[in-house]
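As a plain string of letters, each chain reads:
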Amino acid sequence: MVAVIAVVLSSAESVAQEKSEGKKLYLTYCSGCHGESGKGNGPAATALPAKPANHTDGAVMNQLSDKYLFDIITKGGASVNKSPVMPAWGNLKEKQVREIIGYLRTLASPTKYRVPETKIGP
Ligand code: HEC
């Protein structure tokens, strides 16, 4: 019983940690265009030729697979037939991208929170 509680607590802790890492990364790399709360209204948004996606729209975001998100983040919008204004973040490590995806999942409403567990990189 104690062991079970310990396992539950430690996995909850690692999820929380992953979420806050994801948030930090998101605020560093994404919020300038997508906005701090993910609504697509970052400070740079109005100057862009394409409107940054609204990550709070669960009807759209929950349809997007982890693989799709991984590809658009690491290879950019053009790689998935979206606007090239969405940059490629090829410098991020797979773990960091997973953390960002986990954080994106928390922004969507309704929320589909889940940190991708399996390897989704190339
Ligand atoms: C320079 C501005 C800019 C930055 C920085 C940026 N994006 Fe984007 N992003 C865009 C634009 C513009 C689009 C819309 C492309 C389109 O609709 O064709 C987009 C689209 C997306 C989409 C596609 C959603 C869909 O419906 O297919 C996702 C997911 C996304 N961005 C995630 C991110 C993440 C995660 C980061 C940070 C690692 C990030 N973006 C950083 C501008 C940006």
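Residues numbered from 1 in each chain as written. Predicted model: local features only at pLDDT ≥ 70, side-chain atom pairs only at ≥ 80, totals over all residues. Heavy atoms only, no water.

Draft legend 1. Representation of the coordination of the iron atom of the ligand. All of the protein donors around the iron atom of the ligand are His-34 (NE2) and Met-86 (SD); their distances to the metal are 2.0 to 2.1 Å. Around the iron atom of the ligand sit six donor atoms, and with donor-metal-donor angles ranging over 87 to 178° the site reads as octahedral. One end of the pair, His-34, is in helix 2 (residues 31-34); the other, Met-86, is in the loop between helix 4 (66-75) and helix 5 (94-107), and 52 residues separate them in sequence. Judged by relative accessible area, which is 9%, His-34 ranks as buried. Take Met-86: its relative accessible area is 22%, and that puts it in the partly exposed class. (Donors = N, O, S within 2.8 Å, 3.2 Å for Na, K, Ca; no water. Tetrahedral: all angles 85-135°; square planar, octahedral: opposite > 155°, others 65-115°. Helix = DSSP H or I, 4+ residues; strand = E, 2+ residues; numbered from the N terminus. Buried < 20%, exposed > 50% of the residue type's maximum accessible area, 1.4 Å probe, protein only.)

Draft legend 2. Representation of the site of the ligand in the model. Neighbouring the ligand are 24 residues, the closest being Cys-30, Cys-33, His-34, Tyr-68 and Met-86. A distance of 2.7 Å separates a nitrogen atom of the ligand from a polar side-chain atom of His-34. Between the ligand and Ser-83, the relevant distance is 2.7 Å, taken from an oxygen atom to a main-chain nitrogen or oxygen of the residue. Contributing elements (two or more residues each) for the shell around the ligand: helix 2, helix 4 and helix 5. Residue composition of the shell around the ligand, grouped by class: 19 nonpolar, three polar and two charged. (Near = heavy atom within 4 Å. Polar contact = N/O pair within 3.5 Å; in protein donor to acceptor, adjacent residues only side chain to side chain. Nonpolar A, V, L, I, M, F, W, Y, C, P; charged D, E, K, R; others polar.)

Draft legend 3. Up close: unusual backbone geometry. Of note, the amide linkage connecting Ser-109 to Pro-110 takes the cis form, showing an omega dihedral of 0°. Following the sequence through the fold, Pro-110 ends up in the segment after helix 5. Although it is not a glycine, Asn-81 sits at a positive phi angle of roughly 60°. Mapped onto the elements of the fold, Asn-81 is located in the loop between helix 4 and helix 5.

Draft legend 4. A look at the nonpolar core. Counting 17 residues, the largest nonpolar core has Tyr-26, Ile-73, Val-97, Ile-100, Ile-101 and Leu-104 as the members making the most contacts within it. Listed by contribution, the elements that provide at least two residues to this core are helix 1 (2-29), helix 4 and helix 5. Looking at this core, the element that brings in the most residues is helix 5, giving six residues. Those residues in contact with Leu-104 that sit more than four places away from it in its chain are Tyr-26, His-55, Met-61, Leu-69 and Ile-73. (Core = buried A, V, L, I, M, F, W, Y, C linked by side-chain atoms within 4.5 Å. Contact = heavy atoms within 4.5 Å.)

Draft legend 5. Highlighting the environment of Pro-43. By the element assignment, Pro-43 lies in the loop between helix 2 and helix 3 (58-61). Pro-43 gets classed as exposed once you look at its relative accessible area, which sits at 76%. Each C-alpha atom of the pair Pro-43 and Cys-33 lies 6.3 Å from the other, and the pair is 10 residues apart in sequence. The contacts of Pro-43, once residues within four sequence positions are left out, are Ser-31 and Gly-32.

Draft legend 6. Looking closely at the environment of Pro-52. If you trace the backbone, Pro-52 turns up in the loop between helix 2 and helix 3. Not counting residues within four places of it along the chain, the set of residues in contact with Pro-52 comprises Cys-33, His-34, Gly-40 and Ala-45.

Draft legend 7. Focus on the packing of aromatic side chains. Evaluated as defined, the whole model comprises two aromatic pairs. Each ring, one from Tyr-26 and one from Tyr-103, has its centre 5.4 Å from the other, and the planes form 55°; the classification is tilted. Note that Tyr-26 is positioned in helix 1 and Tyr-103 in helix 5, a separation of 77 residues in sequence. Judged by relative accessible area, Tyr-103 falls into the buried class, the value being 7%. Taking 5.2 Å as the distance between ring centres and 65° as the angle between the ring planes, the aromatic pair formed by Tyr-29 and Trp-89 counts as edge-to-face. Taken together, the residues span a long stretch of sequence, with Tyr-29 in helix 1 and Trp-89 in the loop between helix 4 and helix 5 at a distance of 60 residues. (Phe/Tyr/Trp six-rings, centres within 6.5 Å; stacked < 30°, edge-to-face > 60°.)

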